Amino acid sequence: VRVVRTRAELREARAALPGRSVGFVPTMGALHEGHSSLVRRAREACDAVVASIFVNPTQFGPNEDFNRYPRDEEADMALLESLGVDIAVVPGVEEIYPPGASVTVDVGRLGDVLEGAARPGHFRGVATVVTILFNLVQPTHAFFGQKDGQQTVVVRRLVRDLGLPVEIVVCPTVREPDGLARSSRNRYLGADERAQAQALHRALQAAEAALAEGEWSADRLREMMRVELANAPLAVPDYVSVADAETLQELDTVDRPALASLAVRFPSARLIDCLPLAGQARAGLSRPA
Ligand code: PAF
């Protein structure tokens, strides 16, 4: 793996990549099996693979975990090397945001609901850094995990509305044996929190199963998820949602592709998870040509 840290190094390394298709996996490091699955998918689909590691300050709120977000460049590089990544982009903050940088990308209403309501400005930060990274890396395909469901919706909209020439590929959530979605933040959890964290996936599964049995009321599905979450007394729900899969507006009836999603606050970590609903699990998944 060739490690590049500046825009100039990246430009040179990008120009030297073999083949026509370039798969890009943007990350914030602290890599785990979820990231590995994205890289493997990129490796299968594309001639060359670029991954970035950048803990993006603009997508964290003032009281969030930017400072304690896990960072382990050595382990991350070893993993990217073992997965056959061609270029690892590890930029300093000033390479992404030059001094005086003032342009941001606002995603409108999509960025104000769910995660965006709980974390004001989060999706402006995500959309801005993703746009900058896409411009610098110039990938033909970019790979994102389904776990960050709203992020995938936001990124698809970003690419569509701005006409960015990149195909977005959404890959399935990788889970622990008890269903907990892999996340860099899971390492914050204490043993009791970790045991209770399986309630997130259980809640989503309860909604999925009820829908499959004909429960179309989004209110009742949300209520079922809350009941499951009550099995995790250490977790305080932030939101429980059954929303339109494209607009992310809450539904009354699940009569179209939907996204069930939730966020909970444990004392040591805030966790999110989601499941596409209504048999639309693959509707949002586009394959590289
Ligand atoms: O999903 C993430 O890790 C981040 O939101 C991303 C896409 C790398 C942007 O900073």
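Residues numbered from 1 in each chain as written. Predicted model: local features only at pLDDT ≥ 70, side-chain atom pairs only at ≥ 80, totals over all residues. Heavy atoms only, no water.

**Focus on the sheet that holds strand 9 (residues 270-277)**
- Sheet architecture is open: 3 strands sit in the order 7-8-9, paired in antiparallel fashion. Edge positions in the sheet fall to strand 7 (236-244) and strand 9, since each of these pairs with one other strand and no more. Put simply, the sheet's adjacent strands are angled 10° from each other on average, direction ignored.
- Bridge count between strand 7 and strand 8 (residues 258-265): 8 bridges; the pairing is antiparallel. Directly across from P237, in strand 8, lies its bridge partner V264.
- In the packing of helix 10 (residues 218-229) onto the sheet, the strands contacted are strand 7, strand 8 and strand 9, and the crossing angle to strand 7 comes to about 155°. (Pairing = 2+ DSSP bridges. Helix = DSSP H or I, 4+ residues; strand = E, 2+ residues; numbered from the N terminus. Axes fitted to C-alpha atoms, helices over the stretch in contact; angles between N-to-C directions. Contact = heavy atoms within 4.5 Å.)

**Section: helix 7 (residues 149-162)**
- Along its 14 residues, helix 7 runs 20 Å from first to last C-alpha, staying within 8% of the 20 Å computed at 1.5 Å per residue.
- Taken together, the buried positions of helix 7 are occupied by G149, Q150, Q151, T152, V153, V154, V155, L158 and V159.
- One or two steps after helix 7, the chain reaches G163, where phi turns positive at roughly 65°. (Expected span 1.5 Å × (residues − 1). Buried < 20%, exposed > 50% of the residue type's maximum accessible area, 1.4 Å probe, protein only.)

**Topic: the sheet that holds strand 2 (residues 22-27)**
- The strand order 1-4-3-2-5-6 describes an open sheet built from 6 strands, whose pairing is parallel. The outermost strands of the open sheet, each flanked by one partner alone, are strand 1 (2-4) and strand 6 (167-171). Across the sheet, the mean angle from the axis of one strand to that of its neighbour is 25°, orientation sign disregarded.
- Note that strand 1 and strand 4 (residues 87-89) share 3 bridges and pair parallel. Bridging from a neighbouring strand, R2 pairs with I87 of strand 4.
- Contacting strand 1, strand 3 (48-53) and strand 4, helix 3 (residues 73-82) crosses the sheet at an angle of about 170° to strand 3.
- Strand contacts of helix 6 (residues 122-137): strand 2, strand 3, strand 4, strand 5 (141-145) and strand 6, with the helix running at about 145° to strand 2, the strand carrying the most contacts.

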